[in-house]
Amino acid sequence: MSEQKPFGFTTTILHNDRRKAIEHGSLHKPVHTSVAFGYDDARQLASVFQGKEPGFRYGRQGNPTVAALEDKITRMEDGVSSICFGTGMGAIGAIFQALLRAGDHVVSSAFLFGNTNSLWQTVAGQGVGVAFVDATDVANVAAALTPATRLVFVETIANPRTQVADLARIGALCRERGILFVVDNTMTTPYLFRPKTVGAGLVVNALTKSIAGHGIALGGSLTDTGAYDWTLYPHIAANYQRAAPAQWGMAQLRAKGLRDFGASLGPEAAHHIAVGAETLALRMERSCANALAVARMLEADPRVAAVHYPGLASHPQHALAADLFRAFGSLFSFELHDGIDCFDYLNRLQLGISASNLGDTRTLVIPVAHTIFFEMGAERRASMGIAESLIRVSVGIEDTDDLLTDFAGALAPL
Ligand SMILES: *Cc1c(COP(=O)(O)O)cnc(C)c1O
């Protein structure tokens, strides 16, 4: 197909597989379940192993179905290349395994997905210094940098309290200092925001969430946007410096994250994710509109103590979010007034399902302090702004009126 005039987001995803020949004119890249890939000429196998020509060798390092998904994610993020992993945490873990060594230092947003927070604690126990900062203000990031800082890690909209990182200014700071800027784009997805536009060198997406969308497959990805100059990175092994410098980082991430640590995505999951991704833009439009409607309704109700959603004018980073993102996301969290027990409220919901996932087509709710943020303890929860009654809502694509009725109706005492 012609590359002259760039297609829109959804057209690009729908037609991406067909940019390369597919057997039998199949409209979807088939699910290739073979673990090994055979060559008639053994010399060709050797040159694939040596990276002299493209090709697949063993399923842990790459697979045609997964490669087709990687290509779509690269186009969604307008990047240079992507690597898929078995989960979002696999993708984030690969950054640590491939790029950090004892003595290195990381500056991370303090407002993080709970398991990423836990991963940074693990990393800290292995000799990497981690500074947690309030990343809604670039000054806090600047103050935490040391000569050993290798990367700055933030989420676009933090899960679950929805703080918005000072993305453009942190990106400019990192560029000025030659530091790798890593952005977890899960909450916004490349449809609402492209971290490349603020200078992020690596983008994380938990594909499990909105990109796959239907809650039927786990997956994660890293995308190299091309914004970071890998010749500045001190730990790229000579082995991975054979290709052009633009490929150094991903060569090392693929070898360490997939080949050595084995966090690979399977072809069946890749297929589910690719099919889900076709409707990402449509689902995001609907779920973001639903989230705004329900958040506004709850904020206006005297039985609700606080609603945290960047789409509300009361949100501290509302203007920042309006500047950066196409819409304000499908997730909000809220606190009930003391008289209403959060468990009783959740049990009164008919549609909102008490479950631990987000970015599903169905609306999911969870009492944060008692579940996903339980392990870290009350003190750290308080430092992250997590109230004990906080309810996280991942808004689905149900009909808006049904959600409004459900969330308002549950406020009434039994
Ligand atoms: C869920 C999530 C992850 C991890 O993804 P998994 O596929 O569950 O491992 C990482 N970051 C954010 C912001 C998430 O919401």
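Residues numbered from 1 in each chain as written. Predicted model: local features only at pLDDT ≥ 70, side-chain atom pairs only at ≥ 80, totals over all residues. Heavy atoms only, no water.

1. Observations regarding the nonpolar core
It is characteristic of soluble globular proteins that their nonpolar side chains tend to be buried jointly. Here is the rule: As used in this record, nonpolar core signifies buried Ala, Val, Leu, Ile, Met, Phe, Trp, Tyr and Cys residues forming a set joined through side-chain atoms within 4.5 Å. A simple rule labels every residue: compare its accessible area, found with a 1.4 Å probe on the protein chains alone, to the largest value its type can have, and call it buried under 20%, exposed over 50%, or partly exposed in between. Every helix listed is a DSSP run of H or I at least four residues long, and every strand listed is a run of E at least two residues long, numbered separately from the N terminus. In what follows, a contact means two residues having at least one pair of non-hydrogen atoms within 4.5 Å.
Counting residues in hydrophobic clusters, the biggest one holds 56 residues, and the most contacted among them are Val 152, Leu 167, Phe 181, Leu 298, Phe 332, Phe 334 and Tyr 345. At five residues, helix H11 (residues 280-299) tops the list of elements feeding residues into this core. When near neighbours in sequence (up to four residues on either side) are disregarded, Phe 332 contacts Thr 162, Ala 291, Val 294, Ala 295, Leu 298, Val 307, His 308, Tyr 309, Ile 391, Arg 392, Val 393 and Val 395. Phe 85, Ile 92, Ala 98 and Val 204 belong to the second largest nonpolar core, which has 33 residues in total.

2. Here we look at the pairing of strand E3 (residues 129-133)
Here is the rule we go by: Strands are labelled as partners when DSSP assigns at least two bridges between them. Handedness of a crossover is defined as follows: with both strands directed away from the viewer, a clockwise route from the first strand across the helix to the second makes it right-handed.
Here strand E2 (residues 105-109) pairs with E3 via five bridges, running parallel. Residue pairing across strands places Val 106 opposite Val 130, the latter belonging to E3. Remark: the E2/helix H5 (residues 114-125)/E3 crossover connection has right-handed handedness.

3. Digging into the sheet that holds E2
Our working definition: Convention adopted: a line fitted to C-alpha atoms gives each axis, helices being fitted over their contacting stretch, and angles between N-to-C directions are expressed from 0 to 180 degrees.
Taken in spatial order, the seven strands line up as E1-E7-E6-E5-E4-E2-E3 in an open sheet, and their pairing is mixed. For this open sheet the edge positions go to strand E1 (81-85) and E3, each flanked by a neighbour on one side alone. On average, each strand axis in the sheet is tilted by 20° relative to the strand beside it, whichever way the strands run. Bridge count between strand E6 (residues 202-206) and strand E7 (residues 220-224): five bridges; the pairing is antiparallel. The partner of Ala 206 across the bridge, within E7, is Gly 220. Contacting E1, strand E4 (149-155), strand E5 (180-184), E6 and E7, helix H4 (residues 88-99) crosses the sheet at an angle of about 50° to E7. Across the sheet, H5 lies against E2, E3 and E4, angled at about 145° from E3, the strand it touches most.

4. Here we look at the sheet that holds strand E12 (residues 391-394)
The mixed open sheet is built from five strands, whose spatial order is E8-E9-E12-E11-E10. Single-partner strands in this sheet number two, and they are strand E8 (304-308) and strand E10 (353-354). Summarising the sheet, strand E9 (residues 331-336) and E12 pair through four bridges and their orientation is antiparallel. The residue of E12 that forms the bridge with Leu 331 is Ser 394. Its contacts with the sheet put H11 on E8 and E9, and the angle it makes with E9 is roughly 15°.

5. Quick look at the pattern of salt bridges
In plain terms, the rule: Salt bridges are counted wherever a side-chain nitrogen of Lys or Arg sits within 4 Å of a carboxyl oxygen of Asp or Glu.
Under the counting rule described, the total for this entry stands at 13 salt bridges. Between Asp 399 and Arg 286 there is a salt bridge, with the nearest N and O atoms lying 3.1 Å from each other. Remark: Arg 286 occurs in helix H11 and Asp 399 occurs in the loop between E12 and helix H15 (400-409); sequence separation between them is 113 residues. Since its relative accessible area comes to 45%, Asp 399 is described here as partly exposed. Look at Arg 286 and you get partly exposed, because its relative accessible area is 34%. Salt-bridge contacts for Arg 381 lead to Glu 388; the nearest nitrogen and oxygen are separated by 3.0 Å. Looking at Arg 381, the relative accessible area reads 6%, which means it is buried. Here the salt bridges share partners, and the residues they tie into one network are Arg 19, Lys 20 and Asp 71.

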